[in-house]
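# Inside the fold
Letter by letter, the chains look like this.
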Amino acid sequence: MTAPHTGGCRCGAVRFEASAEPHHISYCHCGDCRRASGAPVSAFVGFLADQAALNGKSLKSYRNGPVERSFCGICGSPIAYTDKRLDNQIYFMLGAMDMPAYFKPTLHAYVREQLPFLHMPDDLPRHLKTSVPRPEEQRPDGRQS
Ligand SMILES: [Zn+2]
Ligand SMILES: [Zn+2]
């Protein structure tokens with residue numbers, strides 16, 4: 001499968017599209033993603049923001065420090081993660097992609113926050129904290145790590 005890669009929320013009011021291949025596909029075990037998604041582990045597909053477009057009047061977002069998470073205001077599906085410190089990057093929820101099976105994660109991030117009963121037997125690299133270094137080492141929620 002080649003670009004464009006499309007996705008959207010559960011009700012269809014928010015749609016997005018990326019015109020190029022992702023540069024990043026990962027699991028995140030951090031508590032912030034867990035709260036935002038409601039799921040024990042999250043997964044993200046990262047694209048360059050200038051190669052991605054989002055559509056939908058129902059698109060809402062919640063900002064916490066440098067991090068902004070967007071979601072559909074009608075059905076509540078989480079859509080994307082951006083961080084002001086990561087220029088031109090957008091990370092879509094893997095589960096919001098139309099073809100999620102195509103985007104196989106290549107690493108685990110924040111395994112130090114992984115739930116103890118969650119076992120994912122793969123040989124992927126595991127990062128104790130983030131796999132994408134920020135200029136200042138801060139947690140996604142804006143607190144100092
Ligand atoms: Zn929706
Ligand atoms: Zn996370």
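The name given to the protein chain in an unreviewed UniProt entry is GFA family protein, with Mesorhizobium humile as the source organism. Turning to the protein chain, the UniProt annotation filed under Sequence similarities (unreviewed entry) states: "Belongs to the Gfa family."

### Considerations on the coordination of the zinc ion (ligand 1)
Within the protein, the zinc ion (ligand 1) binds to C9 (SG), C11 (SG), C72 (SG) and C75 (SG); these donor distances fall in the range 2.3 to 2.4 Å. In this structure, the zinc ion (ligand 1) is surrounded by four donor atoms whose angles at the metal cover 107 to 113 degrees, and the resulting shape is tetrahedral. Within one chain, the residues donating to the zinc ion (ligand 1) are spaced in sequence as C-x1-C-x60-C-x2-C. Here C9, found in the loop between β1 (5-8) and β2 (15-18), pairs with C72, found in strand β7 (residues 67-72); they are 63 residues apart in sequence, far enough to count as distant. For the pair C9 and C72, one class covers both residues: buried.

### Points about the pattern of salt bridges
By the definition in use, this model includes six salt bridges. Between R15 and D98 there is a salt bridge, with the nearest N and O atoms lying 2.6 Å from each other. Of this pair, R15 sits in strand β2 while D98 is found in the loop between β9 (89-93) and β10 (107-109), placing the two residues 83 residues apart along the sequence. For E68, the salt bridge is made with R63, and the minimal N-O distance between the two is 2.5 Å. Sharing partners across several salt bridges, the network here consists of D83, R85 and R134.

### Things to note about the sheet that holds β10
Spatial strand order, β6-β7-β8-β9-β4-β3-β10: seven strands in an open sheet with mixed pairing. In this open sheet, the two strands that pair with only one neighbour each are β6 (59-64) and β10. On average, adjacent strands in this sheet sit at an angle of 30 degrees to one another, irrespective of strand direction. Sheet topology places strand β3 (residues 24-28) next to β10; three bridges connect them, and they run parallel. Each residue of the ladder has a partner; that of C28, found in β10, is A109.

### Re the coordination of the zinc ion (ligand 2)
The protein atoms that coordinate the zinc ion (ligand 2) are C28 (SG), C30 (SG) and C33 (SG), at distances of 2.1 to 2.3 Å. Written as a sequence motif, the donor arrangement for the zinc ion (ligand 2) is C-x1-C-x2-C. Here C28 and C33 have matching classes, each one buried.

### Section: the side chain of H24
Positionally, H24 belongs in strand β3. A distance of 2.9 Å separates a polar atom in the side chain of H24 from a polar atom in the side chain of S26. Sequence-distant contacts of H24, that is, excluding residues within four places in its chain, are made with F44, V45, G46, Y91, S131 and V132.

### Brief notes about the pairing of β2
Judged by which residues are buried, β2 turns out to be one-sided: F16 and A18 face inward and are buried, whereas R15 and E17, on the alternate face, are not. Sheet analysis places β1 next to β2, joined by four bridges and oriented antiparallel. Following the sheet pairing, H5 is matched in β2 by A18. Hairpin remark: β1 followed by β2, antiparallel, with six residues in the connecting loop; positive phi at G12, about 90 degrees. Taken together, the four bridges between β2 and strand β5 (residues 52-55) define a ladder with antiparallel strand orientation. Bridging across to β5, F16 finds its partner in L54.

About the criteria used
- Residues numbered from 1 in each chain as written.
- Chains lettered and ligands numbered in written order.
- Predicted model: local features only at pLDDT ≥ 70, side-chain atom pairs only at ≥ 80, totals over all residues.
- Heavy atoms only, no water.
- UniProt positions renumbered as here; feature names shortened; annotations may be inferred.
- Donors = N, O, S within 2.8 Å, 3.2 Å for Na, K, Ca; no water.
- Tetrahedral: all angles 85-135°; square planar, octahedral: opposite > 155°, others 65-115°.
- Helix = DSSP H or I, 4+ residues; strand = E, 2+ residues; numbered from the N terminus.
- Buried < 20%, exposed > 50% of the residue type's maximum accessible area, 1.4 Å probe, protein only.
- Salt bridge = Lys/Arg side-chain N within 4 Å of Asp/Glu carboxyl O.
- Pairing = 2+ DSSP bridges.
- Axes fitted to C-alpha atoms, helices over the stretch in contact; angles between N-to-C directions.
- Polar contact = N/O pair within 3.5 Å; in protein donor to acceptor, adjacent residues only side chain to side chain.
- Contact = heavy atoms within 4.5 Å.

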